Amino acid sequence: MRVIIEPDYDKMSKWAADYVAMRINQAQPTVEKPFKLGCPTGSSPLGLYRELIKKYEAGEISFENVITFNMDEYVNIPEDHPESYHSFMWTNFFSHINIKKENVHILNGNAKDLVKECEDYEKAIEEAGGIDLFMGGIGPDGHLAFNEPGSSLSSKTRIKTLTTDTIHANSRFFEGNLDLVPKQALTVGIGTVMAAKEVLLVCSGHNKARALKHCIDGNISHKWTSSMLQMHPKAIVVCDEASCDELTVGTYKYYLDKERGNL
């Protein structure tokens, strides 16, 4: 695992965007061989998306031959609801770049057969040739996508019931009303993310410090599902100083020295 420590959220977001843009440009995607990008939602990746939009507007990157697969979506919430992840992605990212609508894949939380929807999503990823780079964030309890504590570390796309902690955390998007927060979601599994060629997570803020500690400095555990990325051959965690508050001094210095070329 590679860990990048940046001073603040903005620098963290820029580093992550620079890396994603570099990988897409290196791949030189075409219609016949598109670049497959996994996309998260939530507050953590907003800065990353803003930086990628700037790069597109500056002519530094094109998304014309990029196919996206989103991590998750709420169950039984209209796609045009302002807090659906369909709305989130089009509002904060897709509407600002030159991605083709047919290249965007987001789970349908209103499908008549949710199990089949999840199975079809896995098949679509497989038929596309797998994910080249899966972006993501880390929840305060260490969850990745909606793989809550206790999720199988080999799980695939499926229906998940959200924990009380997640419902409370997401209530800020629903006027603080817990009753309005969806209680279930469709989500890619930890196994789905692990199958990607590369994974890049962003993590910021003191409220994520405990999660980051377990992710990179603790044991691999289904109680902290993002910790499974310790087993990925090409995983990068980009974090800010505040999120490092609970790392051991040795771990913190090791990763700083490693990126500075001192090791």
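In the block above lies the structure referred to throughout.
Quantities reported herein were computed from a predicted structural model and do not represent experimental measurements. (Residues numbered from 1 in each chain as written. Predicted model: local features only at pLDDT ≥ 70, side-chain atom pairs only at ≥ 80, totals over all residues. Heavy atoms only, no water.)

**Comments concerning the packing of helix α1 (residues 9-27) against helix α2 (residues 46-57)**
Packing of α1 against α2 leaves a shortest axis separation of 8 Å and a crossing angle of 55 degrees. Put simply, α1 runs oblique to α2. In the packing of α1 onto α2, the handedness of the crossing is right-handed. Residues Tyr 9, Ser 13, Lys 14, Ala 16, Ala 17, Asp 18, Val 20 and Ala 21 of α1 touch α2, and the partners they reach there are Leu 46, Gly 47, Leu 48, Arg 50, Glu 51, Leu 52 and Lys 55. (Axes fitted to C-alpha atoms, helices over the stretch in contact; angles between N-to-C directions. Helix = DSSP H or I, 4+ residues; strand = E, 2+ residues; numbered from the N terminus. Parallel < 35°, antiparallel > 145°, perpendicular 65-115°, else oblique. Left-handed = near helix turned anticlockwise from the far one by under 90°. Contact = heavy atoms within 4.5 Å.)

**Some thoughts on the side chain of Thr 192**
Inspection of the secondary structure assignment puts Thr 192 in helix α6 (residues 190-194). A polar contact of 2.5 Å, which involves the side chain of Thr 192, links it to the side chain of Glu 122. (Polar contact = N/O pair within 3.5 Å; in protein donor to acceptor, adjacent residues only side chain to side chain.)

**What to know about the environment of Val 188**
Position of Val 188 relative to the elements: it lies in the loop between β8 (184-187) and α6. Given the relative accessible area of 0%, Val 188 is considered buried. Taking the C-alpha atoms as reference points, Val 188 and Leu 144, separated by 44 residues in sequence, lie 9.3 Å from one another. (Buried < 20%, exposed > 50% of the residue type's maximum accessible area, 1.4 Å probe, protein only.)

**Some points on the pattern of salt bridges**
Within this structure, the stated rule accounts for 10 salt bridges. Here Lys 14 makes a salt bridge to Asp 18, at a shortest N to O gap of 3.0 Å. With Lys 14 and Asp 18 both in helix α1 and 4 residues apart, the pair spans about one turn of that helix. Owing to a relative accessible area of 41%, Lys 14 belongs among the partly exposed residues under this scheme. Owing to a relative accessible area of 27%, Asp 18 belongs among the partly exposed residues under this scheme. Salt-bridge contacts for Asp 132 lead to Lys 197; the nearest nitrogen and oxygen are separated by 3.3 Å. Placement of the pair is Asp 132 in the loop between α4 (114-127) and β6 (133-137) and Lys 197 in the loop between α6 and β9 (198-203), with a sequence separation of 65 residues. Classification of Lys 197 by relative accessible area gives partly exposed; the value is 45%. Salt bridges sharing partners connect three or more residues here, namely Lys 14, Asp 18, Lys 55 and Glu 60. (Salt bridge = Lys/Arg side-chain N within 4 Å of Asp/Glu carboxyl O.)

Without other data, these values stay purely geometric and don't point to any function.
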